[in-house]
Amino acid sequence: DGGITQSPKYLFRKEGQNVTLSCEQNLNHDAMYWYRQDPGQGLRLIYYSQIVNDFQKGDIAEGYSVSREKKESFPLTVTSAQKNPTAFYLCASKRLDVDGYTFGSGTRLTVV
Amino acid sequence: QQQVKQSPQSLIVQKGGISIINCAYENTAFDYFPWYQQFPGKGPALLIAIRPDVSEKKEGRFTISFNKSAKQFSLHIMDSQPGDSATYFCAASNNYGQNFVFGPGTRLSVLP
């Protein structure tokens, strides 16, 4: 079955550490997105990529980094520069010529 | 102009009742208006969507009403069931999602 796989489902990070969240899709979608979800604040766009080896900052890119070396993969690194990284992170993808996202099941990151 | 406003923030409905969630937008360039349903710990899933060339779209118990002149759209859930208890996000986009904005979400609880 086609879909988006995010891993791990839960992730714990010590302060000062970088962590990488995985997002893989087998839908042959061109565009991929990372959103952050905090309670009561909806979804905020971190980064997006419409083509391999190219990506753009979203509304809250500070403290995050991404890469897009393969069409299927769009990993997100939460760096130590992100002051409040505890949140639910969602990856999404879509075809460029179609409306509507397909979302992964999310990764819950907690700083301990 | 990029915001999508959503109300209410939370909603409690008795089983069998009608749930109504409202959204408003400002950017007249938006041409796609989806609703996403999210269960706790899961990613959002596309529920129903509408384009501005129609005023209403119905899929089963879910109906979108769209008022282009008022720049408002709403989700109606008929015969609400406890299984409908989730967070609902409206969104708006144009250019095949090149510009995609989410509302802050409505937490719906349907009491048995």
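Below you will find a few notes about this structure. If you're wondering where the values come from, they're calculated on a predicted model, not measured in any experiment. (Residues numbered from 1 in each chain as written. Chains lettered and ligands numbered in written order. Predicted model: local features only at pLDDT ≥ 70, side-chain atom pairs only at ≥ 80, totals over all residues. Heavy atoms only, no water.)

## Considering the sheet that holds strand E1 (residues 4–7) of chain A
Residue and element names in this part refer to chain A.
- Across the sheet, 4 strands lie side by side as E1-E3-E8-E7; this open sheet has antiparallel pairing. The open sheet has two edge strands, E1 and strand E7 (64–66), and neither has a second partner. Averaged over all neighbouring strand pairs, the angle between strand axes comes to 20 degrees, with direction disregarded.
- One ladder, built from 4 bridges, connects E1 with strand E3 (residues 19–25); its direction is antiparallel. Note that in E3 the partner of Ile4 across the bridge is Gln25. (Pairing = 2+ DSSP bridges. Helix = DSSP H or I, 4+ residues; strand = E, 2+ residues; numbered from the N terminus. Axes fitted to C-alpha atoms, helices over the stretch in contact; angles between N-to-C directions.)

## Focus on the packing of aromatic side chains
- Overall, the coordinates contain 22 aromatic pairs over all chains when judged by the stated rule.
- Aromatic rings pair up to connect Tyr33, Tyr35, Tyr48, Tyr101 and Phe103 of chain A together with Tyr36, Phe100 and Phe102 of chain B into one cluster.
- Sitting over the ring of Phe74 of chain A, Arg68 of chain A keeps its end group 6.0 Å from the ring centre. (Phe/Tyr/Trp six-rings, centres within 6.5 Å; stacked < 30°, edge-to-face > 60°. Lys NZ or Arg CZ within 6 Å of the ring centre and 35° of its normal.)

## Overview of the nonpolar core
- Phe33, Trp35, Phe73, Leu75 and Tyr88 of chain B are the most contacted members of the largest nonpolar core, which totals 25 residues.
- Elements supplying a minimum of two residues to this core: strand E2 (10–14), strand E3 (19–25), strand E4 (33–38), strand E5 (45–50), strand E7 (62–67), strand E8 (72–77), strand E9 (86–94) and strand E11 (106–111) of chain B.
- For this core, the leading source of residues is E9 of chain B, giving 4 residues.
- When sequence neighbours within four positions are dropped, the list of residues in contact with Phe33 of chain B reads Tyr25, Ile48, Ala49, Ile50, Pro52, Ile64, Phe66, Phe73, Ala91 and Ala92 of chain B.
- Core analysis: the second largest hydrophobic core is formed by 20 residues, Leu11, Val19, Ala61 and Cys91 of chain A among them. (Core = buried A, V, L, I, M, F, W, Y, C linked by side-chain atoms within 4.5 Å. Buried < 20%, exposed > 50% of the residue type's maximum accessible area, 1.4 Å probe, protein only. Contact = heavy atoms within 4.5 Å.)

## Things to note about the pairing of E8 of chain B
Residues and elements named next belong to chain B.
- As defined by bridge partners, E3 adjoins E8 across 6 bridges and the pair is classed as antiparallel. The residue of E8 that forms the bridge with Ala24 is Gln72.
- Sheet analysis places E7 next to E8, joined by 6 bridges and oriented antiparallel. Among the inter-strand pairings, Asn67 is bridged to a residue of E8, identified as Gln72.
- Linking E7 to E8, which pair antiparallel, is a turn of 4 residues; within it Lys71 sits at a positive phi near 55 degrees.

## Some remarks on the state of the cysteines
- The final tally for this structure, using the stated rule, is 2 disulfides over all chains.
- Residue pairing for Cys23 of chain A: its cysteine sulfur links by disulfide to Cys91 of chain A, the two sulfurs lying 1.9 Å apart. Handedness here is read from the sign of the S-S torsion; for Cys23 of chain A and Cys91 of chain A, about -75 degrees, the answer is left-handed. Here Cys23 of chain A, found in strand E3, pairs with Cys91 of chain A, found in strand E9 (residues 87–94); they are 68 residues apart in sequence, far enough to count as distant. Of the two residues, Cys23 of chain A and Cys91 of chain A, both sit in the buried class.
- There is a disulfide in this structure between Cys23 of chain B and Cys90 of chain B, and the S-S distance comes to 1.9 Å. A torsion of -95 degrees about the S-S bond marks the disulfide between Cys23 of chain B and Cys90 of chain B as left-handed. Remark: Cys90 of chain B occurs in strand E9 and Cys23 of chain B occurs in strand E3; sequence separation between them is 67 residues. Comparing Cys23 of chain B with Cys90 of chain B shows no difference in burial state: the two are buried. (Disulfide = S-S within 2.5 Å.)

## Side note on the interface of chain A and chain B
- Facing 20 residues of chain A, the contacting portion of chain B comprises 17 residues.
- Roughly 1,500 Å² is buried in total at the junction of chain A and chain B, and carbon and sulfur atoms are behind 50% of that figure.
- Where chain A touches chain B, the interface holds 0 salt bridges.
- The tally of links between chain A and chain B comes to 3 residue pairs in polar contact (both at pLDDT 80 or more).
- For the side of chain A that touches chain B, the elements supplying multiple residues, two or more each, are strand E4 (31–37), strand E5 (43–51) and E9 of chain A.
- Of the residues that constitute the side of chain A that touches chain B, the class distribution is 9 nonpolar, 7 polar and 4 charged. (Buried area = accessible area lost by both parts, 1.4 Å probe. Salt bridge = Lys/Arg side-chain N within 4 Å of Asp/Glu carboxyl O. Polar contact = N/O pair within 3.5 Å; in protein donor to acceptor, adjacent residues only side chain to side chain. Nonpolar A, V, L, I, M, F, W, Y, C, P; charged D, E, K, R; others polar.)

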